[in-house]
Amino acid sequence: MLWQYTVTAGSYQKILQTEQKGVARNSSGVRRVLRVFVMIGVLFLIFLLCCDLLSSLKARTLSPASLLSHLSGLLFLCGFLYWLFTGKNPLYLFQGPRRILGSFQVRAENGWFYFLRSFSNGEYFFIRKPLRELTRVYPQNRGILIEFSNSARFFLPKEAFSLFSVQESQRFLQAECLAALKAQALGEPDAAPFPNMRHITEPALHSCSYHIPYQDRGTIYLECQSVVRRHLFFYRNADNLLFILCVLYIACISIDAELETGLLLAALMPLWNYIFYPFVFLPRLVRKMVKDRTFYALSEPCKISLYRSFLTESTADSILIKPYSLIKDLYTTPNSCCIATKSPVFLSCIPRKAFENPREEALFEDFVWSALEEEKFWKNRRF
């Protein structure tokens, strides 16, 4: 069975969020009722604001500052209502036409699961996994969330079910998984499960292979997370930018209305999101997961290869091809090197132990930095 669908920047962000959150049961009746009440409350506030704006315009008592306050309030409430209805970031509405970002293909056959993601910006990702490692096939957000034993997740949105329904797809995947579990031996995977498979023919200019020891994964992961949060591009990500704009709006309204509680709320929101969560809550969570043997990030042996215009990150069953134009920078920490990509923010963590000596590490870093500088040069070149 084959599923195919295309995504835009907004829908891809929604897919990533669903995969990161994992399986979540449908909202309880209480939460649904509360959500409806919040929507009604927001609609009522929009109505009151519009009435006040119209009455002020009619009486000609509206100052420029008051007009700006009313319009910003309407914009904020409408954006909040859009998020409540759709669950999508309203900032994507300002990105112009819904341009197709890329195409996805998913196939399950003969005990194997195949996934191919190909973007118009040149990014390419292919992975295959044995279906016997599948642990959950769960309907979610009018699509299907597929979860494997190492916590790898793939979400098929509603757009993927033009030929087969969600129920038919769920039953098929479950039946294929049971058949794979009953089979005495796993057959060989298909070498080319999709017609548009990409093959690299040019030789790599530089490569390094590594497997991060379990006891080091938490430390390396937290170091890379910490170093990326020090740079502006992380906060220009759509989700972070929306959060910052909301905090600024609440602070401005609180100052205008002389509300001390509003200012306190505006101060506590970034304090939690950018200080308490990354430096207190996240380290405790990662240490607990490492202790419970449930920390699956950075778990697979990996090989990074550098080419003239792109790099690849490959494991035994997957390959990620990323052009240098999508890479923000290379950062170093006491225990690793971190390659960070732009929107969405993604990290590739390479332990220093992957290099035989400091000279090899310096050679790797110099090549990445040279490639990024060359990319910036041609991007800024005027003809």
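From a predicted model like this one, the values you see are computed outputs, not experimental measurements. (Residues numbered from 1 in each chain as written. Predicted model: local features only at pLDDT ≥ 70, side-chain atom pairs only at ≥ 80, totals over all residues. Heavy atoms only, no water.)

Visitor: Outline the sheet that holds strand 7 (residues 153–156), supporting the account with residue identities and numerical values.
Guide: Taking strand neighbours across the sheet as the criterion, the three strands line up as 5-6-7 in an open arrangement whose pairing is antiparallel. Both outer strands of the open sheet, strand 5 (134–140) and strand 7, are each paired with one neighbouring strand and no more. Neighbour-to-neighbour, the strand axes of this sheet turn through a mean angle of 15°, independent of strand direction. Bridge count for strand 6 (residues 143–148) against strand 7 is four bridges, and the pairing is antiparallel. (Pairing = 2+ DSSP bridges. Helix = DSSP H or I, 4+ residues; strand = E, 2+ residues; numbered from the N terminus. Axes fitted to C-alpha atoms, helices over the stretch in contact; angles between N-to-C directions.)

Visitor: Explain the pattern of salt bridges to me, and be specific about the residues and the numbers.
Guide: Tallied over the entire structure, the rule returns 10 salt bridges. The salt bridge partner of E109 is R107, with a shortest N-O separation of 2.2 Å. A salt bridge links D216 to K353, with the nearest nitrogen and oxygen atoms 2.8 Å apart. Taken together, the positions of D216 in helix 5 (residues 214–228) and K353 in the loop between strand 14 (346–351) and helix 9 (358–380) put the pair 137 residues apart, joining distant regions of the chain. Note on D216: relative accessible area 19%, which makes it buried. Here the salt bridges share partners, and the residues they tie into one network are R107, E109 and D190. (Salt bridge = Lys/Arg side-chain N within 4 Å of Asp/Glu carboxyl O. Buried < 20%, exposed > 50% of the residue type's maximum accessible area, 1.4 Å probe, protein only.)

Visitor: Give a detailed account of the sheet that holds strand 8 (residues 206–210), specifying residues and quantitative values.
Guide: Pairing is antiparallel in the open sheet, where eight strands are placed in the order 1-2-3-4-11-10-9-8. Each having just a single partner strand, strand 1 (2–7) and strand 8 make up the two edges of the open sheet. Adjacent strand axes in the sheet meet at a mean angle of 10°, parallel and antiparallel pairs treated alike. Pairing geometry for strand 3 (residues 112–119) and strand 4 (residues 124–130), over seven bridges, is antiparallel. If you follow R117 over to strand 4, its bridge partner there is F125. Sheet strands touched by helix 1 (residues 9–21): strand 1, strand 2 (102–109) and strand 3. Its angle to strand 1, the strand with the most contacts, is close to 125°. (Contact = heavy atoms within 4.5 Å.)

Visitor: So, the packing of helix 3 (residues 64–86) against helix 7 (residues 238–257): which residues are in play, and what are the values?
Guide: Contact geometry of helix 3 with helix 7 gives a least axis separation of 11 Å together with a crossing angle of 140°. In terms of their interaxial angle, helix 3 and helix 7 are classed as oblique. For the crossing formed where helix 3 meets helix 7, the hand is left-handed. Across the interface between the two elements, S69, S72, G73 and F76 from helix 3 touch C246, Y249, I253 and D256 from helix 7. Within the contact of helix 3 with helix 7, the residues separate by chemical class into four nonpolar, three polar and one charged. (Parallel < 35°, antiparallel > 145°, perpendicular 65-115°, else oblique. Left-handed = near helix turned anticlockwise from the far one by under 90°. Nonpolar A, V, L, I, M, F, W, Y, C, P; charged D, E, K, R; others polar.)

Visitor: Account for the side chain of S305, naming residues and giving values.
Guide: With respect to the element layout, S305 can be found in strand 9 (residues 302–306). The class of S305 is buried, set by a relative accessible area of 4%. Of the polar contacts made by the side chain of S305, one reaches the side chain of S207; its length is 3.0 Å. (Polar contact = N/O pair within 3.5 Å; in protein donor to acceptor, adjacent residues only side chain to side chain.)

From the geometry alone we can't say anything about function, so treat these as descriptive.
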